[in-house]
Amino acid sequence: MRKIIAIATMVVLLTATIPYTQYATAQMIVQSSGATFAFPLMDLWRVQYSEVESNVQFNYQSIGSGGGVKNHIEKLGQFAATDAPLTDAEYNAAPGTLTIPGMIGAISMAYNVDGVGGGLNISEEVLCGMFLGDIRNWNDERIRNDNPGVGLPDDIIQTVHRSDGSGTTFAFTNYLTKVCPEWDEQVGAAKSVPWPTGIGSPGNEGVAAAITSTPNSIGYVTLAYAFQNDMTVADIQNGDHTNFVPPSLDTASAASGSAAFWLPDAEESWRDVDLLASPGLNSYPITSFSYIIIHSDLKELADNHAHAKAVVDMIAWMLTDGQQHSSQLLYVPIADLVTNIGLDGLSQITYDGEPLYTGNTSVWASDVVSDEIGDFINIVTAQYEEGEIDQSTFLNLMASASELFDLYEGGQITDQELSDALDNLS
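What you see is a predicted model; the values in this text were computed from it and never measured.

Once that is clear, we can look at the overall build of the protein chain. Assigned secondary structure in the protein chain consists of 15 helices and 16 strands. Counting all 426 residues of the protein chain, 57% fall into the buried class. If you sum the accessible surface of the protein chain, you get close to 16600 Å²; carbon and sulfur atoms cover 46% of it.

Contact geometry of helix α11 (residues 305-319) with helix α12 (residues 336-346) gives a least axis separation of 10 Å together with a crossing angle of 175°. Considered as vectors, α11 and α12 are oriented roughly antiparallel to each other. Seen from α11, the contacting residues are Val-312, Ile-315, Ala-316 and Leu-319; seen from α12, they are Thr-339, Gly-342, Leu-343 and Leu-346. Residues that form the contact of α11 with α12 fall into these classes: six nonpolar, two polar and no charged.

Attention now moves to helix α2 (residues 65-73). Residue pairs three or four apart in sequence face the same way in an α-helix, which turns once every 3.6 residues. Of all the positions in α2, only Ser-65, Gly-68, Val-69, Asn-71 and His-72 are classed as buried. All buried residues of α2 fall inside an arc of 160° around its axis, so they share one side. In this structure, the buried residues of α2 make contact with β2 (28-34), β4 (79-82), α3 (88-93), β5 (97-112), α6 (167-179) and β14 (287-295). Just beyond α2, the residue with positive phi is Lys-75, at close to 60°.

A few words now on the nonpolar core. Within the largest apolar cluster, 100 residues are counted, with the highest numbers of intra-cluster contacts made by Met-42, Phe-79, Met-109, Ile-286 and Leu-346. The biggest single contributor to this core is α11, with ten residues. Sequence-distant contacts of Ile-286, defined by excluding residues within four places in its chain, comprise Gly-105, Ala-106, Ile-107, Met-109, Leu-127, Phe-172, Tyr-175, Ile-236 and Leu-276. Counting 16 residues, the second largest nonpolar core, distinct from the first, contains Leu-337, Ile-389, Phe-394 and Tyr-408.

When the pLDDT values of the protein chain are averaged, the result is 87; 88% of them are 70 or greater. Counting contacts from residues 1-25, a segment whose pLDDT is below 50, to residues more than four positions away or on other chains yields 97 contacts.

As used in these notes, a disulfide is a covalent bond between sulfur atoms, one from each of two cysteines. Under the criterion given, the structure shown has one disulfide. Each disulfide pairs two cysteine sulfurs, and for Cys-128 the partner residue is Cys-180, the sulfurs being separated by 1.9 Å. In this structure the cystine formed by Cys-128 and Cys-180 twists about its S-S bond by roughly -45°; its chirality is therefore left-handed. Of this pair, Cys-128 sits in helix α4 (residues 124-132) while Cys-180 sits in the loop between α6 and α7 (181-186), and the two are 52 residues apart along the sequence. You'll find Cys-128 and Cys-180 in the same group, each marked buried.

Next up on the list: unusual backbone geometry. One non-glycine residue with positive phi stands out, namely Asn-216, at about 65°. Relative to the helices and strands, Asn-216 is located in the loop between α8 (203-213) and β9 (217-222). Taking relative accessible area as the criterion, Asn-216 reaches 16% and is therefore assigned buried.

Of the two faces of β4, the one holding Phe-79 and Ala-81 and the one holding Ala-80 and Thr-82 are both buried throughout. In terms of strand pairing, β2 meets β4 through three bridges, oriented parallel. Opposite Ser-33, over in β4, you have Ala-80 as the bridge partner.

Where empty space is left becomes clear once a probe the size of a water molecule has been rolled over the atoms. Tallied over the full model, the rule gives three cavities of 30 Å³ or more. Of the pockets and cavities examined, the largest cavity occupies roughly 80 Å³. Surrounding the largest cavity, 13 residues form its lining, Asp-83, Ala-171, Val-273, Asp-274 and Ser-288 being those nearest its centre. The greatest single-element share of the lining of the largest cavity, amounting to four residues, is contributed by β14. When its residues are assigned to classes, the lining of the largest cavity shows eight nonpolar, three polar and two charged.

A few words on the sheet that holds strand β11 (residues 235-237). Overall, mixed pairing links the three strands, which are arranged β6-β11-β12 in an open sheet. Strand pairing shows two members of the sheet lacking a second neighbour, β6 (121-122) and β12 (244-245), which therefore form its edges.

All told, the structure shown has eleven salt bridges when counted by the stated rule. Across the pair Lys-309 and Asp-313 runs a salt bridge, and its minimum N-O distance is 3.4 Å. Taken together, the positions of Lys-309 and Asp-313, both in helix α11 and four residues apart, correspond to about one turn of that helix. Here the salt bridges do not stand alone but share partners, grouping Asp-88, Arg-271 and Asp-272 into one network.

Of all the five residues making up strand β7 (residues 158-162), four are buried; the element is thus mostly covered by neighbouring parts of the structure. Judged from the three bridges that link them, β7 and β9 form a sheet pairing that is parallel. Bridge assignment links Val-160 to a residue of β9, and that residue is Gly-219. Judged from the three bridges that link them, β7 and strand β8 (residues 199-201) form a sheet pairing that is parallel. Its bridge partner lying in β8, Arg-162 is registered against Ser-201.

Thresholds applied
Residues numbered from 1 in each chain as written. Predicted model: local features only at pLDDT ≥ 70, side-chain atom pairs only at ≥ 80, totals over all residues. Heavy atoms only, no water. Helix = DSSP H or I, 4+ residues; strand = E, 2+ residues; numbered from the N terminus. Buried < 20%, exposed > 50% of the residue type's maximum accessible area, 1.4 Å probe, protein only. Areas by Shrake-Rupley, 256 points an atom, 1.4 Å probe, with all protein chains shown as cover. Axes fitted to C-alpha atoms, helices over the stretch in contact; angles between N-to-C directions. Parallel < 35°, antiparallel > 145°, perpendicular 65-115°, else oblique. Contact = heavy atoms within 4.5 Å. Nonpolar A, V, L, I, M, F, W, Y, C, P; charged D, E, K, R; others polar. Arc of directions from axis to C-beta. Core = buried A, V, L, I, M, F, W, Y, C linked by side-chain atoms within 4.5 Å. pLDDT = per-residue confidence, 0-100. Disulfide = S-S within 2.5 Å. Pairing = 2+ DSSP bridges. 1 Å grid on protein atoms, 1.4 Å probe; cavity = no way out; pocket = protein on both sides within 12 Å on 5 of 7 lines; lining within 4 Å. Points joined across faces, edges and corners; volume = space filled by probe spheres on them. Salt bridge = Lys/Arg side-chain N within 4 Å of Asp/Glu carboxyl O.

As structure tokens, then:
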């Protein structure tokens, strides 16, 4: 069964306590690797979780999504992180993989142009032309038209891209294929592509360093890296072509919330899921999930049952209590519906046939809320899929539901009033 998420803010961030097992006093090490996109938050989680479970040490190697997927397939470490959902070939090479979205972030276009401050407007056409090598100078007429009054130099544009297999590259090139037919025809989307122009550097760290040290350069880095390195970033044309939108926590949240799409279960393929070029006046168009990938059987990957349970309980903390740390690094906390997909996925993980996760599989404290949200989504989704309502009606229904959830969260309506209102909507 596929789940739907239409507006991230529609779900209520109700607090639920998930019990975490107190482990033996022996130090247990959890090894993971993968996306550099995820590294800032993974590293913060490492620090914060050590205060929750002092005998669990979390080591995360920021080697890129390609390296993380490779390690996952080869069963090196207990889990991995990737910004690019597994391909069919990768799933076949790692049967039993569970895909769990752990964070949402913006991919910013950072630049280093002397005399040009932040907030330069860059359209889909210009961004595509820069990375294809068709737009070569900063004072190109197409850039000047979108930036009246900005003193753009007559200097060559130097693009910077990732040199390693990268989920950030996958998201960025996937975005370009959506908005630029020429890119789709000539280059395409993948974790590594044959770049028509520019210089490569490994990791978000490497790209950030290359942009900072290279005059007249522009490249893609996650917003967390741009923020940490005090980089100048552009406003990118939104999916509706009605605005130029800066990357931020709010605009990434708007992008993740305005897209209507079906989210698979953790055991299914996430290949067709993305948040790119989402409609909405203030939706930042290069917004992406980052995923935790883990095998459903940890017998070969953990030292013993206690070690395997430590891994699963730590991930459960990341999906729940750990989300409170996301926004300080400009990641969007995942919505409750998405958290529930992850917790349900964790409940499928075993060690020698024994389930490891025994906590809640829903973060909704109220059974009424959980049942009503599920019933409402199923009913409206079925109406949309069967052609009984169009997309506009579908989105309006979800927006109305979002307002109801806000009232419920604020204590302005009761469980029963929420239930009755949702029944009236559907």
